[in-house]
Amino acid sequence: MAQRAVSQRHSVAVGSPVTIGPETLPLASPCSVAAIPGSSGTMLVEYQIAPSGTWFSWPGGAVSANTVYLLTGPVHAMRFTAATTAGVVEIAQ
């Protein structure tokens, strides 16, 4: 029998970046990440490899349309920032 996926959905308000780290959801790979910016908005998605490490933009950079990426390697944390309109993030493993 297949193992059930663990998933979470987080609201991202303008001016209030949301950081999702190991205490919220273990970011083991593989992991699907969906950035869903609000209407006419953009969302920046970044990831961090180690605690207190550098933040890197994901391959899509700031996105203005619903975008899904599959993380194939482990990360320490992810950060989501809505620029002009609130959005949503969905993560599943």
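For the structure, see preceding data.
Residues numbered from 1 in each chain as written. Predicted model: local features only at pLDDT ≥ 70, side-chain atom pairs only at ≥ 80, totals over all residues. Heavy atoms only, no water.

**Q** Give me the lowdown on the sheet that holds strand β1 (residues 7-12), citing residues and values where you can.
**A** Pairing is antiparallel in the open sheet, where four strands are placed in the order β1-β8-β3-β6. Both outer strands of the open sheet, β1 and β6 (67-71), are each paired with one neighbouring strand and no more. Each strand of the sheet is rotated relative to its neighbour by a mean of 15°, with strand direction disregarded. (Pairing = 2+ DSSP bridges. Helix = DSSP H or I, 4+ residues; strand = E, 2+ residues; numbered from the N terminus. Axes fitted to C-alpha atoms, helices over the stretch in contact; angles between N-to-C directions.)

**Q** Give me the sheet that holds strand β2 (residues 18-20): which residues, what numbers.
**A** Taking strand neighbours across the sheet as the criterion, the four strands line up as β2-β7-β4-β5 in an open arrangement whose pairing is antiparallel. Each having just a single partner strand, β2 and β5 (55-63) make up the two edges of the open sheet. The sheet shows a mean angle of 20° between the axes of neighbouring strands, taken without regard to direction. Pairing of strand β4 (residues 43-48) with β5, which is carried by five bridges, proceeds in the antiparallel orientation. Residue pairing across strands places Met 43 opposite Val 63, the latter belonging to β5.

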